Amino acid sequence: MRTIDAQLAKELIAAQYPQWAKLPVYPVEKSGHDNRTFHLGDALTVRLPSGEGYANQIHKEWRWMPHLAPQLPLPIPVPVALGRPDCGYPWHWTVCPWLGETASEEGIVDYSRFARDLASFLQALRGIDCTDGPLAGAHNFYRGGDLAVYDEEARNAIADTHRPLGIGADTLTALWERALATKWSLPPVWVHGDVAIGNLLVKDGRLSAVIDFGTSGTGDPACDLVMAWTLFDGESRDAFVKAVDLPADVWERAMGWALWKALITYKAEIDRAPLKAAEAARVVARIAADERFAR
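Note that the structure is predicted; figures quoted are calculated from it, not measured. (Residues numbered from 1 in each chain as written. Predicted model: local features only at pLDDT ≥ 70, side-chain atom pairs only at ≥ 80, totals over all residues. Heavy atoms only, no water.)

## Section: the overall build of the protein
Next, step 1: A tally of regular secondary structure across the protein gives ten helices and nine strands.
Next, step 2: Relative to a compact globule of 295 residues, whose C-alpha radius of gyration would be 19 Å, the protein shows 19 Å and is just as compact.
Next, step 3: Across the 295 residues in the protein, those meeting the buried criterion constitute 50%.
Next, step 4: Across the protein, the centroid of the 30 positively charged side chains sits 2 Å from that of the 38 negatively charged ones. (Helix = DSSP H or I, 4+ residues; strand = E, 2+ residues; numbered from the N terminus. Rg over C-alpha atoms; globule rule 2.2 N^0.38 Å. Buried < 20%, exposed > 50% of the residue type's maximum accessible area, 1.4 Å probe, protein only. Lys, Arg positive; Asp, Glu negative; His and termini not counted. Charge placed at Lys NZ, Arg CZ, Asp CG, Glu CD.)

## A closer look at the sheet that holds strand β4 (residues 81-83)
Next, step 1: With antiparallel pairing, five strands are arranged side by side in an open sheet as β1-β2-β3-β5-β4. The outermost strands of the open sheet, each flanked by one partner alone, are β1 (25-27) and β4. Averaged over all pairs of adjacent strands, the angle between their axes in this sheet comes to 30°, without regard to strand direction.
Next, step 2: As defined by bridge partners, β1 adjoins strand β2 (residues 35-40) across three bridges and the pair is classed as antiparallel. By the bridge assignment for β2, Tyr26 is matched with His39. (Pairing = 2+ DSSP bridges. Axes fitted to C-alpha atoms, helices over the stretch in contact; angles between N-to-C directions.)

## As for unusual backbone geometry
Next, step 1: Not every positive phi belongs to a glycine, and Phe141 is a case in point at roughly 55°.
Next, step 2: The residue Phe141 is located in the loop between α3 (111-126) and α4 (151-165) in this model.
Next, step 3: You will see that Asp204, though not glycine, has its phi angle at about 55°, which is positive.
Next, step 4: Within the element layout of this structure, Asp204 appears in the loop between β7 (200-203) and β8 (206-210).
Next, step 5: For Asp204, a relative accessible area of 70% gives the class exposed.

## Some remarks on the pairing of β7
The two faces of a sheet get side chains in turn, since along a regular strand they alternate between them.
Next, step 1: Inspection of the sheet shows β7 paired to β8 by four bridges, in the antiparallel sense. Bridging from a neighbouring strand, Val202 pairs with Leu207 of β8.
Next, step 2: Between the antiparallel neighbours β7 and β8 lie two residues, among them Asp204 with a positive phi of about 55°.

Encoded structure:
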C-alpha cells in the first residue's frame, strides 16, 4: 500500500471529486492514529483510515453521523463525501468539514465549566435513539461493551508495571476487579468510545466540537467517562461527576476503562516515549488516590 500522505489525498480528490481538485491539501497540525487527516482548503478535510482495522469505521460514520448531529448541542464532523479505494489506496475514505483545532490543557480557561459542557454533550448523546445502532464489538474495540474482554491484557500489564509505577500489584488488581464486578443492565445507549483531549475542540477556552466517532457504538456509557482521571481533578472532576448524573456502578467501570488504558500505555511507551509513559503513570496515580471510586 502507498504511504498515506498529502500527495495521496490530493490524487484521490482529483480522481473522484474534481470540483475540489484545485484546493490546497496539507496535513492538519495534530492528526490522529486511526486516521490520517489533511486540510482540503480552509473548510474541509480528507480523512483516510490508517489501517484495515479502522477501515469499516468510515462506513459507520457515513451512516450514523447525520442521525446524531442534529440532536447534539455541539458540532460533530458529518461527512460530506464518501471516497472509494483508488490510486493504490485500498479503503474507503471521507471528506468532512473542518471544525477547528483540537484542545490542549493550556487552552482550557475554566476546567469545571469545560467538564460540565462535556457532560452535557455526553448526556445528549446518551439520549439519542439507538435503534439498529452498532452494538459494541470488534468494530470499535468493544467500547461500550464488557470490560472483561481486556481482563488478561490488564492483568499482564499490572504484573509488568506495578514496580516501576510504585503501586502494589494487589492494589491495582483490587481496583481492576472492582471495575469488573458490575455490569450495565439498562438498554444500550450511544457512546463516543474515545473521549480524549485529542478529540475535543476548543474555541475561546470552551468546548466547541467533538470529533472522531470511529469507535462509536451502543452499549454501556462507562467508557466515555475516563476524562474524570485523564484530564479532570479536584473541583473539575466533582463537576463532571455531578453533571454526568450516572449511578455509582457506572463510575466503577469507568475507572476500569481508564486504568486499563493507562496501564497498557505505560507498558508500551516506557522505553520509547517517556512523556507518554509519564502521563499514563499520572493517570494510574490519580485513580489509586481517588477515594470515591477506587477504594
